[in-house]
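Structural characterization, general
Each chain, written out:
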Amino acid sequence: MKLQRMNRRALALGALAVSGALALTACGSDDTGDKNSSGNSSGAASAPAGNIKCDDAKGQLQAAGSSAQKNAIDAWVKQYTAACNGVQINYNANGSGAGITNFLQGQTAFAGSDSALKPDEITESKKVCSGGQAIDLPMVGGPIAVGYNVPGVDTLILDAKTLSKIFNSEITNWNDKAIAALNPGVKLPDLKIQAFHRSDESGTTDNFTKYLKAAGDWQYEPGKSWKAKGGQSAQGSSGLAQQVKQTEGAISYFELSYVADGMKAVEIKTAAAEPVAATTENASKAIGAAKIVGTGNDLALQLDYNPSTPGAYPISLVTYEIVCDKGNKADTLPAVKSFLTYIASEDGQSILSDAGYAPLAGDIATKVRAAIANLS
Amino acid sequence: MSTTLTSKHRSTLRGGHLPKWSPLAIIAGSVAAGLGISAAAGLHSSIQWALIAAVVFVVATYGIAAKVEGRRQAKDRIATSLIWVAFLLAVIPLASLVWETVKRGVKVFDVYFLTHSMGVVADTEPGGGIYHAIIGTLEQVGLASLIAVPIGVLTAIYLVEYGKGKLAKAITFFVDVMTGIPSIVAGLFILSFWILILDMGYSGFAGSLALSILMMPVVVRSTEEMLKLVPNELREASLALGVPKWRTILKVVLPTSIGGITTGVMLAVARITGETAPMLLLVWGTNFINNNPFEGPQASLPLYIYQQYANSSGANAAYDRAWAAALALIAFVMILNLVARGIARWKAPSQH
Amino acid sequence: MDISTHTPTAPPPSPRPGQAENRTVRGATRPGDRIFLGLSRGSGIALLLIMASIAVFLTYRAFKVLPEDTGNFFTTFEWNTNVTPPDFGIAVLVFGTVVSSIIAMALAVPVAVGIALFLTHYAPRRLSGPIAYVIDLLAAVPSIVYGLWGALILVPNLDGLYGWLDDYLGWTGIFDWQGGAPRSLLTVGILLAIMILPIITNVSREVFRQVPRMHEEAALALGATRWEVVRMSVLPFGRSGVISASMLGLGRALGETIAVATVLSPTFEIKASLLDPGGGTFAQNIASKFGEATEQGRDALIASGLVLFVITLLVNGAARLIIARRAEYSGANA
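The residue numbering used here restarts from 1 in each chain and proceeds along that chain's sequence as written. For this description, chains carry letters from A and ligands carry numbers from 1, given in the order in which they are written. The predicted nature of this model means local features are confined to residues of pLDDT at least 70 and side-chain atom pairs, given and counted, to a pLDDT of 80 or more, with totals for whole chains, interfaces and linings taken over all residues. Working from all heavy atoms in the structure, the side-chain values ignore hydrogens and water.

**Some remarks on the overall build of chain B**
Counting from the N terminus, the helices are DSSP H or I runs at least four residues long and the strands are E runs at least two residues long. A tally of regular secondary structure across chain B gives 13 helices and zero strands. When the helices and strands of chain B are listed from N to C terminus, the series reads α-α-α-α-α-α-α-α-α-α-α-α-α. For a compact globule the rule gives 2.2 Å times the number of residues to the power 0.38, and the radius of gyration it is set against comes from C-alpha atoms. In terms of overall size, chain B is more extended than a compact globule, its C-alpha atoms giving a radius of gyration of 29 Å where 352 residues would be expected to give roughly 20 Å. Principal-axis analysis of the C-alpha atoms gives chain B an extent of 80 × 70 × 35 Å. Pairs of residues are marked as contacts when any of their non-hydrogen atoms sit within 4.5 Å. Residue pairs at least 24 apart in sequence account for 72% of intrachain contacts in chain B once pairs closer than 6 positions are excluded. Using a 1.4 Å probe, the Shrake-Rupley method yields the accessible areas, and only the shown protein chains count as cover for residues. Total accessible area on chain B is roughly 14,100 Å²; 69% of this is exposed by carbon and sulfur atoms. Positive: Lys, Arg. Negative: Asp, Glu. His and the chain ends are not part of the count. All charge positions are set by atom: Lys at NZ, Arg at CZ, Asp at CG, Glu at CD. Looking at chain B, you have 26 positive and 17 negative side-chain charges, and the mean spots of the two groups are 18 Å apart.

Set out below in structure tokens:
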């Protein structure tokens, strides 16, 4: 008898647990960002949200890809969801490679990527885009800042050659002659240089090493994975920023939006007379001069890493949104179109400079908007 | 044994004895000596003086004890202090872990934090919460238990009540081996099988499948132990009354050992709740609430902690959230543990 | 679980209580019995099938990419999987995994044995109960929490130790420190040691508690000091138990993912110095490369996971053999 009673009690306990769990699912809510809209540092809260057209967009929108544009997407999503609260946009910054893979498997509505699609990926995309193919839409441009943490040094000028040597462990101390020559009058400390690079593959590394190869003397093949030996590594731009912040003598490269308190960005000496600071305007000058190499609606860009235009910042990165030009899934199409229209619009792009990215300008912006209007 | 007799300076049988306070005095003396020598030699590393102090302590203890009590006692004293040192050495990091988690975790740990998801809060901003992650973890762990517990318990019943021969031997061996599967390998398996080959997409359920693989062997092992504790007389009495074997197992064996089995299950649940690696590969993560574990990305508490750490860019707001979530996770696991132990004590199978 | 105190009146449970009745039920063909037997046997078989399919699916995915590998899978110091043709190898991962686990074992086992002895033979009784309980709970702390603590508390506090090792032992080459952030294999080893300490302690404590009291009392009666009791009766009795506890800890250390990923600065090279950042482990590499991996890259990671799987199988198999031997020799099981 006792055993029976124990069983019943266990059953009751189980039932209680299940109903408790069910009740729990009803009592939480998503943070809409209202609580902290004042006084946050990203500055996104000040941007206008009035002109967002929701149309009949609703439901969940899954997207994945590049972590380089994560901060921009965060700012956009905040504005967009405030205007269209029927849509939830879930951007998983799991990396460009994973983003493209997920998109090609039909798991996401769009992908964010640091690099344009390869030809075989475009071919593969015809499976998920019934009647169409995937296209690259340049959306978020930005300078790749070289951040450093050297106490007492507030401005630092470096050129591609010196950067190559620093990241290849040939220059190992901050008071090296080569650095001093570029920075007359700056008191450089006797401190070991701790150069950090990405441990994961990344478009940021790709663009940074392309710059080093084009303008400096970098003896390795540029690419998404770091080829040089030596140095230290961390995961993601966020991980690099974290390490630079907490390590004295550290230097690393990441998107400008990751430059925060505790570090400064290097000014880069280019072919022009004056060194160039890593600012969004300076990057826009370089990105504006980029060539479109994609065909049709595909707007893949090619950047110039050794500009002689005064004030053009040479190390920049353009990240793309990847969608189907035709054959997007019917249930997500309105939301995708509405969200992309917003982020490509003047309003959307104007938030970018607050978040450390460079707004698209001129010809490229017009073409992107036209391409989005034609999505189906 | 003859060495004890060599302490001739006292005529009692017990030999010399150091007073109780002597270890403390020697510690104080050697710390002072360590600090003094370091200061004199101009060394500033704290490891340095601690090491000098340690060496002085060992030599002094051995010397003094050997003189007064004999060499064997001296060895005993050294061993005793070494074992104390081992204990203190381990206490420092473990205490620091708990202390830091609590200290840093309480900063943003409040009702708002527990009842809101991250929503549209960016990684570097303050605000947001872990509600979505709690829901995700509860559902994933619940589903994993639903899969793993029946299979685990039935397997244990087979091994204890029916099993013999090659099949039982093989199962026993592989259950043991399975206990050691790294969680990331379980994650890779579900990834290659469920997501890449069957093309089922990322979901909380995919995570549950990986967790259930990690949970099964633990359930089998603990259930087996508990079933073995059920006295054979109970089974024989029931069988002698003509009760079929399956009813004997269901009505006599299982109820007798239900307390122990529950304990084992809860300990297994506590173990899988903190698994991060498979979640990283399988549930995809989201900042929004998703109550449906079978479709769409879900968050999970350990994954949330990892993401807050990894995507923080070093921002304190993200670190605070990570610590608070860690505090919530530890609290959850500890409560499960305590409840499990409570049940074990309450329903120990012998007390009837 | 202290078995003997629970059932004072019952005869010692035979290793397989069900066997006695098996003969009597053998002939029974009641449908209920057949269904139940089928269910429970089916569960056991399902378990075997899961193990088999883990091996099969991992191997299947792995062999999709291995023929493409231009490097030697076992000797290449590269992990370049997203290019065609890929070029990758596990040499660095094997080195990092083995070295960090060895460091962890070397640090954790002596300390864990020390604590276990402390709790069973040295600590005041009033202290040992609660401490044992707390260490039990610490064994359940999720690895991600250790990872968070390691990255934010442990790493910033290791500079002193690294500087000291470099000053005095730098000449060995193994402890040479270039002054980078202390996110090296040694840090990984230390963190893993802290993580597996509670597990090894718990199992060792159980073993030491089972040392027959008679052995210890006999030694004490002969005038042995406490240390001599430990050395002559406790440690020999517990040796194989400690070894299998260590194997359990080793298994954990080999497969730990997130805690390693948070404290290591991974690079694909093998360095003589344990203090300089670099190296990598299987699990950490899977976690950190997974994001950017294309389908081919994933298969390469799965291939490395297969190797990890085999390594842990070997370690666990060895642990089982040791436990089996212990069962034969131990007095408690005679």
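Alright, that's what it looks like, and here's the rest.
**Quick word on the pairing of strand β3 (residues 110-113) of chain A**
Residue and element names in this part refer to chain A. Exposure is judged per residue with a 1.4 Å probe applied to protein chains only, and the accessible area is read against the type maximum: over 50% gives exposed, under 20% gives buried, and values in between give partly exposed. Residues F110 and G112 of β3 are buried on one face, and the alternating residues A111 and S113, pointing to the opposite face, are buried as well. Two strands form a pair only when DSSP identifies at least two bridges running between them. In the sheet, strand β1 (residues 59-65) pairs with β3 via three bridges, with the strands oriented parallel. When the bridges of β3 are listed, G65 appears paired with G112. Relative to strand β13 (residues 316-324), β3 is paired through three bridges, and the arrangement is antiparallel. The partner of G112 across the bridge, within β13, is E321.

**With respect to the nonpolar core**
As a rule of thumb, soluble globular proteins bury nonpolar side chains together. For our purposes a nonpolar core is just a set of buried Ala, Val, Leu, Ile, Met, Phe, Trp, Tyr and Cys residues, chained together by side-chain atoms within 4.5 Å. I184(B), I190(B), L191(B) and I54(C) are the most contacted members of the largest nonpolar core, which totals 199 residues. A total of 17 residues in this core trace back to one element, the largest contributor, which is helix α4 (residues 91-122) of chain C. There are two domains that each give this core at least three residues, and those are domain 1 (2-105) and domain 2 (115-347) of chain B. Excluding residues within four positions of it along the chain, I190(B) makes contact with I195(B), A206(B), L209(B), A210(B), I213(B) and L282(B). Domain ranges listed in this record stem from an automatic or a database domain assignment.

**Quick look at the pattern of salt bridges**
In what follows, salt bridge is the name for a side-chain nitrogen of Lys or Arg lying within 4 Å of a carboxyl oxygen of Asp or Glu. A full pass over the atoms with the stated rule returns 19 salt bridges over all chains. Linking K367(A) and D363(A) is a salt bridge whose minimum nitrogen-to-oxygen distance equals 3.6 Å. You can see K367(A) and its partner D363(A) sitting in helix α12 (residues 362-373), four residues apart, about one turn around the helix. Salt bridges sharing partners connect three or more residues here, namely K70(A), D74(A) and D123(B).

**A look at the interface of chain A and chain C**
Contacts between the two partners involve 29 residues from chain A and, on the opposite side, 27 residues from chain C. Interface area for chain A against chain C, summed over the two sides, is near 2,100 Å², with a carbon-plus-sulfur share of 36%. Buried area: the accessible area, evaluated with a 1.4 Å probe, that two parts lose upon being put together, summed over both parts. On the chain A side of the interface with chain C, the three residues burying the most area are E201(A), K229(A) and Q232(A), jointly 24% of the side's total. Polar contacts, as counted here, are pairs of nitrogen or oxygen atoms within 3.5 Å of one another; within protein the pair requires one atom able to donate a hydrogen and one able to accept it, and residues that are adjacent in sequence qualify only if both atoms are side-chain atoms. Applying the counting rule to chain A against chain C returns eleven residue pairs in polar contact (both at pLDDT 80 or more). Contributing elements (two or more residues each) for the side of chain A that touches chain C: α3 (96-104), β6 (194-198), β7 (232-234) and α8 (236-246) of chain A. With five residues, the single largest contributor to the side of chain A that touches chain C is α3(A).

**Here we look at a nonpolar patch on the surface**
Surface patches are drawn from residues lacking salt bridges whose relative accessible area is over 30%; two like charges belong together within 9 Å, two nonpolar side chains (Val, Leu, Ile, Met, Phe, Trp, Tyr) within 5 Å. Nonpolar side chains collect at one region of the surface, where I197(B), L198(B), M200(B) and Y60(C) lie side by side and expose about 370 Å² of accessible area between them. Following the sequence through the fold, L198(B) ends up in the loop between α7 (183-197) and α8 (204-229).

**A few points about the interface of chain B and chain C**
In this complex, chain B contributes 99 residues to the contact, which on the side of chain C involves 96 residues. For the pair chain B and chain C, the two sides together bury roughly 9,200 Å², of which 76% comes from carbon and sulfur. At the junction of chain B and chain C, the tally comes to two salt bridges. With its nearest N and O atoms 2.6 Å apart, the salt bridge here joins R72(B) to E228(C). Our count for the contact surface shared by chain B and chain C stands at eleven residue pairs in polar contact (both at pLDDT 80 or more). Per-element tally for the side of chain B that touches chain C: the top contributor is helix α3 (residues 71-105) of chain B, with 20 residues. Partitioning the side of chain B that touches chain C into residue classes produces 69 nonpolar, 16 polar and 14 charged. All residues other than Ala, Val, Leu, Ile, Met, Phe, Trp, Tyr, Cys, Pro, Asp, Glu, Lys and Arg, Gly among them, are scored as polar; the first ten of these are nonpolar and the last four charged.

**Remarks on the UniProt feature "domain: ABC transmembrane type-1" (unreviewed entry) in chain B**
UniProt positions are given in the numbering used here, feature names are shortened, and annotations may be inferred rather than shown by experiment. Annotation from UniProt places "domain: ABC transmembrane type-1" (unreviewed entry) at residues 134-340 of chain B. Helix makes up 79% of residues 134-340 of chain B and strand 0%. Its end C-alpha atoms lie 20 Å apart.

**Section: the UniProt feature "transmembrane region" (unreviewed entry) in chain B**
Residues and elements named next belong to chain B. UniProt's feature table lists "transmembrane region" (unreviewed entry) at residues 21-41, 47-66, 78-99, 141-160, 172-196, 202-220, 252-272 and 322-340, given in the numbering used throughout. With 95% helix and 0% strand, the stretch residues 21-41 has end C-alpha atoms that lie 30 Å from each other. For the annotated span residues 322-340, helix accounts for 100% and strand for 0% of the residues, and the straight-line distance between the end C-alpha atoms is 27 Å.

**As for the packing of helix α8 (residues 185-209) of chain C against helix α10 (residues 226-255) of chain C**
Residue and element names in this part refer to chain C. Whenever a helix is involved, its axis is fitted only over the stretch in contact; in every case the axis is a line through C-alpha atoms, and angles between N-to-C directions fall within 0 to 180 degrees. For the pair α8 and α10, the least separation of the axes is 8 Å and the interaxial angle reads 150°. Relative to α10, α8 is oriented so that their crossing is right-handed. Side by side, α8 and α10 meet where L192, I196, I199, I200, V203, S204, V207 and F208 of the first sit next to V234, L235, F237, G238, G241, V242, A245, S246, L248, G249, R252 and A253 of the second. Looking at the contact of α8 with α10 residue by residue, the classes come out as 14 nonpolar, five polar and one charged. Put simply, a crossing is left-handed when the front helix is turned counterclockwise from the back one by less than a right angle, and right-handed when it is turned clockwise.

**Considering the domain arrangement of chain B**
Residue and element names in this part refer to chain B. Assigned domains of chain B: these are domain 1 (2-105) and domain 2 (115-347). Computed from C-alpha coordinates alone, the two centres of domain 1 and domain 2 are separated by 45 Å. At the junction of the two partners, domain 1 supplies five residues and domain 2 supplies six residues. Summing the contributions of domain 1 and of domain 2, the shared interface buries around 490 Å²; its carbon and sulfur component is 77%. Where domain 1 meets domain 2, there are zero salt bridges. For the pair domain 1 and domain 2, the interface holds zero residue pairs in polar contact (both at pLDDT 80 or more).

**Focus: the side chain of E269(C)**
Among the structural elements, E269(C) can be located in the loop between α11 (258-263) and α12 (282-289). Within the structure, E269(C) has its side chain in polar contact with the backbone nitrogen of G230(A) (distance 3.2 Å). With residues near it in sequence (within four places) discarded, E269(C) still touches K229(A), G230(A), F77(C), V92(C) and G279(C).

**Some thoughts on helix α10 (residues 333-344) of chain A**
Residue and element names in this part refer to chain A. Given a rise of 1.5 Å per residue, twelve residues ought to cover 16 Å, and the 16 Å separating the end C-alpha atoms of α10 matches this to within 8%. Taken across its twelve residues, α10 has nine buried, putting it largely inside the fold. Within α10 the residues assigned to the buried category are L333, A335, V336, S338, F339, L340, Y342, I343 and A344. Here the expected span of a helix is defined as 1.5 Å times the quantity of residues minus one.

**Notes on the packing of helix α5 (residues 131-162) of chain B against helix α10 (residues 245-273) of chain B**
Residues and elements named next belong to chain B. Between α5 and α10, whose axes approach to 9 Å, the crossing angle comes to 135°. It follows that α5 is oblique to α10 by the angle criterion. As α5 runs across α10, the sense of the crossing is right-handed. Note on element contacts: α10 touches α5 through K245, I249, V253, L254, I261, V265, V269, I272 and T273, opposite T137, V141, A144, S145, V149, V153, I157, E161 and Y162. Roughly parallel here means an angle under 35 degrees, roughly antiparallel means over 145, roughly perpendicular means 65 to 115, and every remaining angle is called oblique.

**Things to note about the environment of C324(A)**
Residues and elements named next belong to chain A. Here C324 lies in strand β13. Owing to a relative accessible area of 4%, C324 belongs among the buried residues under this scheme. C324 sits 215 residues away from A109 along the chain, and the two C-alpha atoms are 8.8 Å apart. Discounting residues that sit within four places of it in the chain, C324 has contacts with F103, V128, C129, Q133, A134 and L375.

**Some points on the UniProt feature "domain: ABC transmembrane type-1" (unreviewed entry) in chain C**
Per the UniProt record, the feature "domain: ABC transmembrane type-1" (unreviewed entry) sits at residues 94-319 of chain C. The span residues 94-319 of chain C is 75% helix and 0% strand, and its two end C-alpha atoms sit 20 Å from each other.

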